[in-house]
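For reference, the chains in residue letters:
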Amino acid sequence: MNKRIISAIVFLLALVNQVSAEDKMTISDFVISAGETKELSITLENEVTYAAFQFDLYLPEGLTVSEYSKDETRIPETTVLSMAKQKDGSFRFIAAAMKANPIVGTSGGIVTIKVTANEDLTSGSLTGYFKNVKLSKSDGTGSTYAEMSFPITVLEPPVMEGDANDDEEVDAKDIVDIVNHMMSKPTSTGKFNEKAADVNKDGVVNIADVVKIANIIMEK
């Protein structure tokens, strides 16, 4: 058979195998509020059995990984999981063991992470990425993926109505701090939450909000 035909057949077979592969890595339920730290699970759906993996996790600016651990329901005890932040801001994860015990099952969490969002992170829809993904079988063969994406939803932080100084209490200090803010003076905490202070939702912080907060305090 012509060498060109053989090469074409080999190429097509490789392409079919690549297209039919349904391995998928993602993060479940990535919804976070500004200022929040949230525990999330990195999940893997795999058609075949793998024994090791590596990937780079790219998060939008304002989000960072503060803690990580392997999910022991799927990852064997002998597998060591490591993470290091890279120069480009990504987080590189590598999981391997001297004895290549396979990952258990074909669906579910493999790594648990805690992600912290900056307090000034703007709400909206963002995108994160897994890049340089390598899934290895016990014999060293496996699958390589250049990129996998996942959606991120950033919510506005919850607001405690009347907590003008952001101390997580609604009390007389909030009334004083609203007056100080109106007089261009510093608040007791050095913070002022316009949204929480605007209790009557008219878009302006004024004496009417002071009255509303006084009523809130009286009703406690």
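Now for a quick tour of the structure.

Criteria and cut-off values
- Numbering of residues begins from 1 in every chain and follows the order in which that chain's sequence is written.
- The predicted nature of this model means local features are confined to residues of pLDDT at least 70 and side-chain atom pairs, given and counted, to a pLDDT of 80 or more, with totals for whole chains, interfaces and linings taken over all residues.
- With hydrogens and water excluded, all non-hydrogen atoms of the structure serve as input to the side-chain values.
- Exposure classes here rest on a 1.4 Å probe applied to the protein chains alone. A residue is buried below 20% of its type maximum, exposed above 50%, and partly exposed in between.
- The numbering of helices and of strands both runs from the N terminus, where a helix is a DSSP run of H or I of at least 4 residues and a strand a run of E of at least 2.
- Pairing of N or O atoms within 3.5 Å defines a polar contact, subject to two protein rules: one partner must be a possible hydrogen donor and the other a possible acceptor, and residues neighboring in sequence count only if both atoms are side-chain atoms.
- A patch consists of residues exposed above 30% relative accessible area that lack any salt bridge, with like charges linked at up to 9 Å and nonpolar side chains (Val, Leu, Ile, Met, Phe, Trp, Tyr) linked at up to 5 Å.
- A 1.4 Å probe and the Shrake-Rupley method give the accessible areas. Residues count as covered only by the protein chains that appear here.
- The term salt bridge refers to a pairing of a side-chain nitrogen on Lys or Arg with a carboxyl oxygen on Asp or Glu at a separation within 4 Å.
- For the charge count, each Lys or Arg is scored as positive and each Asp or Glu as negative, with His and the chain ends excluded.
- For the purpose of locating charges, the reference atoms are NZ of Lys, CZ of Arg, CG of Asp and CD of Glu.
- Only when DSSP finds a minimum of two bridges between them are two strands counted as paired.
- Fitted lines through C-alpha atoms give the axes, limited to the stretch in contact for helices. The angle between two N-to-C directions lies from 0 to 180 degrees.
- Only Phe, Tyr and Trp rings are paired, with Trp represented by its six-membered ring, and only when their centres lie within 6.5 Å; those with planes under 30 degrees apart are stacked, over 60 edge-to-face, the remainder tilted.

1. Digging into helix α2 (residues 172–182)
Taken as a whole, α2 has its buried residues at D174, I175, D177, I178 and N180. Between a side-chain oxygen at the N-terminus of α2 and the backbone nitrogen of K173 the separation is 3.1 Å; the capping residue is D171. Of the residues trailing α2, S184 is marked for its positive phi of about 60°.

2. Notes on a negative patch on the surface
Taken together, E119, D120, D166, E168 and E169 make up a surface patch of like negative charges. Structurally, E169 can be placed in the loop between β10 (142–155) and α2.

3. Concerning the sheet that holds strand β6 (residues 80–85)
In space, the six strands of this open sheet follow the order β2-β10-β9-β4-β7-β6, with mixed pairing throughout. Either end of the sheet is taken by a strand with one partner, and the two such strands are β2 (31–33) and β6. Ignoring which end each strand starts from, the neighbouring axes of this sheet average 25° apart.

4. Brief notes about the packing of aromatic side chains
Scanning all chains against the criterion turns up six aromatic pairs. Considering the side-chain rings of F30 and F150, the 5.9 Å spacing of their centres and the 20° angle between planes classify their relative orientation as stacked. With F30 in the loop between β1 (24–27) and β2 and F150 in strand β10, this residue pair connects regions lying 120 residues apart in the sequence. F150 gets classed as buried once you look at its relative accessible area, which sits at 2%. Note on F55 and F93: the rings are 4.9 Å apart at their centroids and 20° apart in plane angle, and the pair reads as stacked. With F55 in strand β4 (residues 52–58) and F93 in strand β7 (residues 91–96), this pair connects stretches of sequence that are 38 residues apart. Classification of F55 as buried rests on a relative accessible area of 1%.

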